[in-house]
Amino acid sequence: MEALYHWIKAKRRERLREWLPTLKRKLQGFQNYFGLPDNSRSLSRLYSYVLHSIHKWLNRRSQRKSYNWNSLKEMLGYFGLKPPRVYKRSILVDWY
């Protein structure tokens, strides 16, 4: 989570259309790798942490606030960043 925080902090100066698709792929990778049925709380905590980090660093780009929570969620919806969903396991795993 700390690495994502610093990555968002470093990318805040760039245009949103350049780095938000990469963030979307990173979050999708976390969801694919850690998306077990018992791990939904951790995934939602990671997503809310990323949202708060984006909100913090995008609002520090200028002297006035760039985004409130509603406009931030609209912008994330435009770029397709959705909260992670944990699906039911389709493969029977014997070590679980």
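Enquirer: Can you help me understand a positive patch on the surface in this one?
Expert: Residues Lys9, Arg13, Lys56, Arg60 and Lys65 make up a contiguous surface patch of positive charge. Looking at the secondary structure, you find Lys9 in helix α1 (residues 2–11). Lys9 gets classed as partly exposed once you look at its relative accessible area, which sits at 34%.

Enquirer: Explain the nonpolar core here, please?
Expert: Side chains of nonpolar character tend, in soluble globular proteins, to be buried together. Leu16, Trp19, Leu20, Leu23, Ile54, Leu58 and Met75 are the most contacted members of the largest nonpolar core, which has 22 residues in total. Mapped by element, the contributors of at least two residues to this core are α1, α2 (16–34), α3 (40–58) and α4 (69–79). The residues contacting Leu20, other than those within four sequence positions of it, are Met75, Phe79 and Leu81.

Enquirer: Please clarify how the packing of aromatic side chains should be interpreted in this entry.
Expert: For any two aromatic rings, the description comes down to two numbers: the centre-to-centre distance and the angle of the planes. Applying the stated criterion to the full structure yields 6 aromatic pairs. Taken together, a centroid distance of 5.9 Å and an interplanar angle of 75 degrees make the contact between Trp7 and Trp19 edge-to-face. On the criterion of sequence distance, the pair formed by Trp7 in helix α1 and Trp19 in helix α2 is long-range, its members being 12 residues apart. We classify Trp19 as buried; its relative accessible area is 1%. With 5.1 Å between their ring centres and 85 degrees between their planes, Tyr78 and Phe79 make a pair best called edge-to-face. On the accessibility criterion, Tyr78 (69% relative accessible area) is exposed. An aromatic cluster is present here, built from Tyr5, Tyr49 and Trp57 joined pairwise through their rings. Stacked on the ring of Trp7, the Lys or Arg Lys26 has its end atom at 4.6 Å from the ring centre.

Cut-offs and rules
Residues numbered from 1 in each chain as written. Predicted model: local features only at pLDDT ≥ 70, side-chain atom pairs only at ≥ 80, totals over all residues. Heavy atoms only, no water. Patch = residues over 30% accessible without salt bridge, like charges linked within 9 Å, V, L, I, M, F, W, Y side chains within 5 Å. Areas by Shrake-Rupley, 256 points an atom, 1.4 Å probe, with all protein chains shown as cover. Salt bridge = Lys/Arg side-chain N within 4 Å of Asp/Glu carboxyl O. Lys, Arg positive; Asp, Glu negative; His and termini not counted. Charge placed at Lys NZ, Arg CZ, Asp CG, Glu CD. Helix = DSSP H or I, 4+ residues; strand = E, 2+ residues; numbered from the N terminus. Buried < 20%, exposed > 50% of the residue type's maximum accessible area, 1.4 Å probe, protein only. Core = buried A, V, L, I, M, F, W, Y, C linked by side-chain atoms within 4.5 Å. Contact = heavy atoms within 4.5 Å. Phe/Tyr/Trp six-rings, centres within 6.5 Å; stacked < 30°, edge-to-face > 60°. Lys NZ or Arg CZ within 6 Å of the ring centre and 35° of its normal.

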